[in-house]
Amino acid sequence: MGTLTNKRVLVGVTGGIAAYKTADLIRRLRDAGAETRVVMTAGAAEFITPLTLQAVSGHPVHEQLLDTEAEAGMGHIDLARWADVIVVAPASANFLARLAQGRADDLLTTVCLAAAVPVAVAPAMNQQMWANAATQNNMRTLRARKIHVLGPAEGEQACGEIGPGRMLEPLELVARVSELFATGELEGLKVVVTAGPTWEAIDPVRGITNRSSGKMGYAVAAAAAEAGARVVLVSGPTALPDPPRVQTVRVVSAQDMYDAVHSHLEGAHIFIGVAAVADYRVEQAAPGKIKKTADRLTLELVRNPDILAAVAHRRPHIYCVGFAAETDDPEANARAKLASKGIDLVAANRVGPGLGFEADDNELLLVDRDKSKRLARAPKSSLARALIHEVAVRYHAESRAQDSRQASRN
Ligand code: CTP
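Residues numbered from 1 in each chain as written. Predicted model: local features only at pLDDT ≥ 70, side-chain atom pairs only at ≥ 80, totals over all residues. Heavy atoms only, no water.

### With respect to the overall build of the protein chain
Argument step 1. Helix and strand counts for the protein chain come out as 14 helices and 19 strands.
Argument step 2. Principal axes of the C-alpha set define a box for the protein chain whose edges measure 80 × 65 × 35 Å.
Argument step 3. Among the 410 residues that make up the protein chain, the fraction classed as buried is 50%.
Argument step 4. A fraction of 66% describes how many contacts in the protein chain between residues 6 or more apart in sequence connect residues 24 or more apart. (Helix = DSSP H or I, 4+ residues; strand = E, 2+ residues; numbered from the N terminus. Buried < 20%, exposed > 50% of the residue type's maximum accessible area, 1.4 Å probe, protein only. Contact = heavy atoms within 4.5 Å.)

Structure, rendered in structure tokens:
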């Protein structure tokens, strides 16, 4: 799996000779695991055809702002919401000037204006145009607005001149885009995450399980790794591939998950229980396949250990986060769970039509001792990043408070 797995990259293309390299950039982004969509300006279409970019991105290219058909499909607001990051490559002098002015006079500038996600630009132009005070002034404005400026590189230009103004090479751009997701907020910390369902055997072929896909837990583990943590993901049976840069431990039953978690807790700072652990197991799984000879069959179920509550109880210095699937009154239920399990934070997710187990989107209500905070409906990958940010902020505040309590005792 690549460094951009589960990332949605909206590639903007503007008019410049370097636009021919954008096809390769899109291919490289997809090789790195990203999902891509393309928005072209009218100028870009003079240099590369929408058909080429449609073929490499795997989706129709978006070109028009005022097109009722396009807006009825994925309109400018949907595109802005869809993206985890917007990368404009090449970014022409004209586009950078329009972006600096906050214009919304075509689809690409409008999407950039409507987006709440990071925007990166890869300038490409004649070296004199780049050096021009007007362009440099625009770049200062854009940097002050936290737009990420990738490049330009120096070298021989299409116009025959030599100097700064070449678009960065596609592989370099992919590396720089990946870095945008690396926040470093959990640098030096160890995080243990559980994910997926558990499988409680009834006999060698049957079992009790649930509909958890593992998507949320895997996204949380990936986001923690991106934030710089050393991550151990203890996963029940899922169809998902191991997340990149994460140590994945595959288990089957709740008891296996309990054992695996406890054997990886040494040196851990944060535990996040996302798994939908079966509350009960069959006391004694049948050694052979149960035949349908009897009219009735009674299974005796016994309680499984509560992994999250045990971690919180046995390792009070670990910052513990639990998930709660709720259909109603999430805040009250989450608060009750916070107290009963002795944990630090509950992420309550609503389950219902279009939300929860198998859906790609979710929303969360974060409840800790002091307050609650809503994380709006979003794809699970961006929601996981937002959750990791909230956990990091709380973890660091808690350890600062502990340090100052310790200092005042000494
Ligand atoms: N959990 C766990 N071990 C269990 C059961 C649950 O670690 N044996 C964790 C889950 O990973 C999750 C949280 O505890 O973080 C969920 O708590 P739970 O009490 O099971 O809540 P719900 O699933 O919402 O169930 P209910 O409210 O119906 O009891």
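### Here's the deal with the packing of aromatic side chains
Argument step 1. Inspection of every chain in the model, using the stated rule, returns 1 aromatic pair.
Argument step 2. Ring centres 6.5 Å apart and planes at 90 degrees place the aromatic pair Tyr 319 and Tyr 395 in the edge-to-face group. With a gap of 76 residues between them, Tyr 319 in strand β16 (residues 319-326) and Tyr 395 in helix α14 (residues 380-409) connect regions that are remote in the sequence. Tyr 395 matches Tyr 319 in its accessibility class, with the two residues each being buried.
Argument step 3. The ring of Phe 181 has Lys 7 sitting right over it, with the charged end atom 5.1 Å from the ring centre. (Phe/Tyr/Trp six-rings, centres within 6.5 Å; stacked < 30°, edge-to-face > 60°. Lys NZ or Arg CZ within 6 Å of the ring centre and 35° of its normal.)

### Things to note about the site of the ligand
Argument step 1. Within the structure, the ligand sits among 13 residues, and Gly 273, Ala 275, Pro 305, Phe 323 and Lys 337 are positioned closest to it.
Argument step 2. With respect to the ligand, the backbone of Pro 305 contributes an N or O atom lying 2.9 Å from a nitrogen atom.
Argument step 3. Note that an oxygen atom of the ligand is positioned 2.7 Å from one of the side-chain N or O atoms of Lys 337.
Argument step 4. For the ligand, the accessible surface in isolation is 580 Å², of which the surrounding protein chains cover 72%.
Argument step 5. Grouping the amino acids of the shell around the ligand by side-chain chemistry returns 7 nonpolar, 2 polar and 4 charged. (Near = heavy atom within 4 Å. Polar contact = N/O pair within 3.5 Å; in protein donor to acceptor, adjacent residues only side chain to side chain. Areas by Shrake-Rupley, 256 points an atom, 1.4 Å probe, with all protein chains shown as cover. Nonpolar A, V, L, I, M, F, W, Y, C, P; charged D, E, K, R; others polar.)

### Quick look at the sheet that holds strand β4 (residues 119-123)
Argument step 1. Spatially, 5 strands are ordered β2-β1-β3-β4-β5 in an open sheet, and the strand pairing comes out parallel. In this open sheet, the two strands that pair with only one neighbour each are β2 (35-40) and β5 (148-149).
Argument step 2. Sheet topology places β4 next to β5; 2 bridges connect them, and they run parallel. Across the sheet, the residue bridging to Val 121 is Val 149, located in β5. (Pairing = 2+ DSSP bridges.)

### What to know about the sheet that holds strand β18 (residues 361-368)
Argument step 1. Judged by pairing direction, the sheet is mixed, and its 8 strands sit side by side in the order β12-β11-β8-β13-β16-β17-β18-β19 without closing on themselves. Only two strands of the sheet have a single neighbouring strand rather than two, namely β12 (247-250) and β19 (372-379). Strand-to-strand, the axes of this sheet are offset by a mean angle of 20 degrees, without reference to chain direction.
Argument step 2. Packed on one face of the sheet, helix α11 (residues 254-263) meets β8 (190-195), β11 (230-235), β12 and β13 (270-273) and runs near 165 degrees to β11.
Argument step 3. Of the strands in this sheet, β13 and β16 touch helix α12 (residues 307-314), which is tilted by about 155 degrees from β16. (Axes fitted to C-alpha atoms, helices over the stretch in contact; angles between N-to-C directions.)

### Description of the nonpolar core
Argument step 1. Among the nonpolar cores identified, the biggest contains 37 residues, and Leu 186 and Ile 272 are the most heavily contacted of them.
Argument step 2. Ignoring anything within four residues of it in the chain, the contact list for Ile 272 reads Val 191, Val 192, Val 193, Thr 194, Val 220, Val 321, Phe 323 and Ile 388.
Argument step 3. Counting residues in hydrophobic clusters, the runner-up holds 31 residues, among them Ile 26, Ile 48, Ala 124 and Leu 173. (Core = buried A, V, L, I, M, F, W, Y, C linked by side-chain atoms within 4.5 Å.)

### A few points about helix α10 (residues 215-226)
Argument step 1. Between its first and last C-alpha, α10 extends 16 Å over 12 residues, near the 16 Å set by a 1.5 Å rise per residue.
Argument step 2. Of all the 12 residues making up α10, 11 are buried; the element is thus mostly covered by neighbouring parts of the structure.
Argument step 3. Buried within α10 are the following residues: Met 216, Gly 217, Tyr 218, Ala 219, Val 220, Ala 221, Ala 222, Ala 223, Ala 224, Ala 225 and Glu 226.
Argument step 4. At the C-terminal side of α10, Gly 228 shows a positive phi close to 100 degrees. (Expected span 1.5 Å × (residues − 1).)

### Remarks on the domain arrangement of the protein chain
Much of the literature gives interface size as the accessible area that the parts lose upon coming together.
Argument step 1. Segmentation of the protein chain into domains returns domain 1 (8-181) and domain 2 (190-409).
Argument step 2. Centre-to-centre separation of domain 1 and domain 2, based on C-alpha positions: 38 Å. (Domains from an automatic or database assignment.)

### Description of the environment of Leu 171
Argument step 1. Locating Leu 171 in the fold gives a position in helix α9 (residues 170-180).
Argument step 2. The exposed category is assigned to Leu 171, whose relative accessible area is 54%.
Argument step 3. Separated by 142 residues in sequence, Leu 171 and Leu 29 have C-alpha atoms that sit 8.5 Å apart.

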